[in-house]
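Coordinates in review
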Amino acid sequence: MSHSHISSDEIRARFARAMSAMYRAEVPAYGTLVSLVERVNGEVLAADEAEASRLSRTNELDRINEERHGAIRLGTAAELSTIRRLFAVMGMVPVGYYDLSVAGVPVHSTAFRPVDPAALSANPFRVFTSLLRLDLIEDEALRAEASAVLETREIFTPACRDLIARAETEGGLGEAEADAFVEEALETFRWHDTANVDGALYRRLDHAHRLLADVVAFKGPHINHLTPRTLDIDTVQARMPQDGIAPKAVIEGPPSRRVPILLRQTSFKALEEPVAFLGDEEREGRHTARFGEIEQRGLALTPKGQALYDRLLAEARARVTPAADGSNADAYMAALCDVFSVFPDDLDRLRTEGLGYFRYAATGTPGGIDAGLSADELVAAGMLRADPITYEDFLPVSAAGIFQSNLGDDAARSFEANPSQARFEADLGAPVADFHALYAEAQAASLARARADLASRAG
Ligand code: OOG
Ligand code: NI
């Protein structure tokens, strides 16, 4: 990287801020939600000194009030591979593969995000990115029409394409180029109130699947939500109505616990917006696309912890299947709490039972070190401290719940489970990273550093 290049972390931070400003202007309720989340985060940090110092130790305190994820839905393989190159300019790479066909949504997805711990604390901005699967749409004629519309649209500005290519060949962007890139890249995510199709085709697409209309009928993959991170999702959920926002009835993910695990999410419903279809100057169309969401992040789970989570979630949902209209929300939350009571809820047990990932650091305690001691023994002896590693990814069942609540209740269809990671990676033009490998690596690297620290002190 030459001296004149600015870091990809800095480009990502600028882009995330620009996106947030754009979305605040387009969807005022998002601004209300962000203010509420910031207020509640401030209250949590003021009331809970231990949590505040843990977040400061793990370099999360500074990032929290700027932390966002967004989501887009793409139509073609070419769009997906170009968006991969666009996100790479900002240090974001594809992590994880999510098959949502099981949940009746004809897409498969990945999340673009930074992976390096230092980059995550600089700015963890992520974008959940889905690719439409036309192969899951039954109507062959409609499939062909949809694909013809998608083939002719261009979701990147020419200047954006040039700047991506320049970043690739030069290994980065200079100050002015970075600002131009942020401005041009933002165009891809902007809302367009004029559609790419006429009203008749829109209705056919919408009838086949709400998602099909949302992807095919528009000029670009408008950002459909931007999610701030809260330190107390139950409080924000409870206060949303006072601020004029109606949340969906059920918080997705694990129940409320002493030690948060994985990810809990809730959203408010999509806005209904006026749309002008082709050949219709009256803007008499209506489309619901954009919504709001909040999330609370907790401990990243190991494959063993994840398997326990998946089993318990399936058990709770089998006992009470949450209805789309929220009518059995209380019964579902009660079943969830009951079923999850067997999931260990203190940090020591989560660590010693191998359920979660931890970051190790040497404590200030002086003393010799026995190289043969295990990490758990060193923690028990007060030589090492273990802090939870935050889950930076997504949950397919939760994502399906978010999709369904904002696509409308009638959108629930069932497809056969139909994962196709190899196809997705071929379209993407790259493999997706395995997030368990990333967490395991971060844990192992911190432990090796902590052991080296202890050894140098002992010597
Ligand atoms: C994406 C829904 C998934 C999440 O937080 O799980 C998601 C979408 O509706 O396009 O954003
Ligand atoms: Ni989301």
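Residues numbered from 1 in each chain as written. Chains lettered and ligands numbered in written order. Predicted model: local features only at pLDDT ≥ 70, side-chain atom pairs only at ≥ 80, totals over all residues.

Some words on the pairing of strand 5 (residues 126–132)
Judged by how many residues are buried, strand 5 sits mostly within the fold: seven of seven residues are covered. Neither face of strand 5 is open: one carries Arg126, Phe128, Ser130 and Leu132, the other Val127, Thr129 and Leu131, and all of them are buried. Across six bridges, the pairing between strand 2 (residues 68–74) and strand 5 is parallel. From the neighbouring strand, His69 faces strand 5, where its bridge partner is Arg126. One ladder, built from six bridges, connects strand 4 (residues 107–113) with strand 5; its direction is antiparallel. Across the sheet, the residue bridging to Ser109 is Ser130, located in strand 5. (Buried ≥ 20, exposed ≤ 12 C-beta atoms within 10 Å, placed from the backbone. Helix = DSSP H or I, 4+ residues; strand = E, 2+ residues; numbered from the N terminus. Pairing = 2+ DSSP bridges.)

Let's talk about the site of ligand 1
Taken together, Ala71, Arg73, Phe128, Ser130, Asn224, Gln265, Glu293, Phe394, Ser398, Ala399, Ile402 and Phe403 make up the full set of residues adjacent to ligand 1. Of all the secondary structure elements, the ones that give two or more residues to the shell around ligand 1 are strand 2, strand 5 and helix 17 (396–407). Broken down by element, the shell around ligand 1 gets its largest block of residues, four residues, from helix 17. Residue composition of the shell around ligand 1, grouped by class: six nonpolar, four polar and two charged. (Near = placed C-beta within 6 Å. Nonpolar A, V, L, I, M, F, W, Y, C, P; charged D, E, K, R; others polar.)

Points about the domain arrangement of the protein chain
Its domain assignment divides the protein chain into domain 1 (5–252 + 265–294 + 410–428) and domain 2 (357–389 + 431–459). The distance between the C-alpha centroids of domain 1 and domain 2 comes to 36 Å. On the side of domain 2, eight residues touch domain 1, which itself brings 12 residues to the contact. Secondary-structure elements contributing two or more residues to the side of domain 1 that touches domain 2 are helix 3 (49–57) and strand 3 (93–99). Counting residues per element, the side of domain 1 that touches domain 2 draws most heavily on strand 3, at five residues. (Domains from an automatic or database assignment. Contact = placed C-beta atoms within 7 Å.)

Here's the deal with helix 2 (residues 28–47)
Spanning 20 residues, helix 2 covers 29 Å between terminal C-alpha atoms, matching the ideal 28 Å at 1.5 Å per step. The set of residues buried in helix 2 consists of Tyr30, Leu33, Val34, Leu36, Val37, Val40 and Asn41. Taken down its axis, helix 2 places every buried residue within 165° of arc, on the same side. Facing away from the buried side of helix 2, by more than 90 degrees, are the exposed residues Pro28, Ser35, Gly42 and Ala46. Buried residues in helix 2 make contact with helix 1 (8–26), helix 4 (61–64), strand 7 (226–228), helix 12 (233–239) and strand 11 (292–297). (Expected span 1.5 Å × (residues − 1). Arc of directions from axis to C-beta.)

Observations regarding the packing of helix 5 (residues 77–89) against helix 8 (residues 158–170)
The geometry of helix 5 relative to helix 8 is characterised by a closest axis approach of 10 Å and an angle of 60° between their N-to-C directions. It follows that helix 5 is oblique to helix 8 by the angle criterion. As for how helix 5 packs across helix 8, the hand of that crossing is left-handed. Residue-level contacts link Arg85, Leu86 and Val89 of helix 5 to Ile164, Ala167 and Glu168 of helix 8. Tallied by class, the residues present in the contact of helix 5 with helix 8 amount to four nonpolar, no polar and two charged. (Axes fitted to C-alpha atoms, helices over the stretch in contact; angles between N-to-C directions. Parallel < 35°, antiparallel > 145°, perpendicular 65-115°, else oblique. Left-handed = near helix turned anticlockwise from the far one by under 90°.)

Examining the sheet that holds strand 4
Taken together, the five strands give an open sheet; going across it, the order is 3-4-5-2-7, and neighbouring strands pair in mixed fashion. Across the chains shown, the open sheet's two edge strands, defined by having one partner strand only, are strand 3 and strand 7. Direction aside, neighbouring strands of the sheet carry axes that sit 20° apart on average.

Comments concerning the environment of Arg126
With respect to the helices and strands, the residue Arg126 is situated in strand 5. Along the sequence, Arg126 and Pro158 sit 32 residues apart, while their C-alpha atoms lie 24 Å from each other. Apart from residues no more than four positions distant in its own chain, Arg126 is found in contact with His69, Ala111, Phe112 and Arg113.

What about unusual backbone geometry?
Positive phi is not limited to glycine here, since Asn59 has a value of about 60°. At Leu262, a position not held by glycine, the phi torsion is positive, near 50°. By secondary structure assignment, the location of Leu262 is in the loop between helix 12 and strand 8 (263–268). For Leu262, a count of 23 C-beta atoms within 10 Å corresponds to the buried category.

Some remarks on the environment of Asp427
The topology assignment puts Asp427 in helix 18 (residues 421–428). Using a count of 19 C-beta atoms within 10 Å as the deciding quantity, one classes Asp427 as partly exposed. As for Asp427 and Glu293, which are separated by 134 residues in sequence, their C-alpha atoms are 29 Å apart. If near-sequence neighbours (up to four positions away) are discounted, Asp427 is found in contact with Ala77, Leu80, Ser81 and Leu131.

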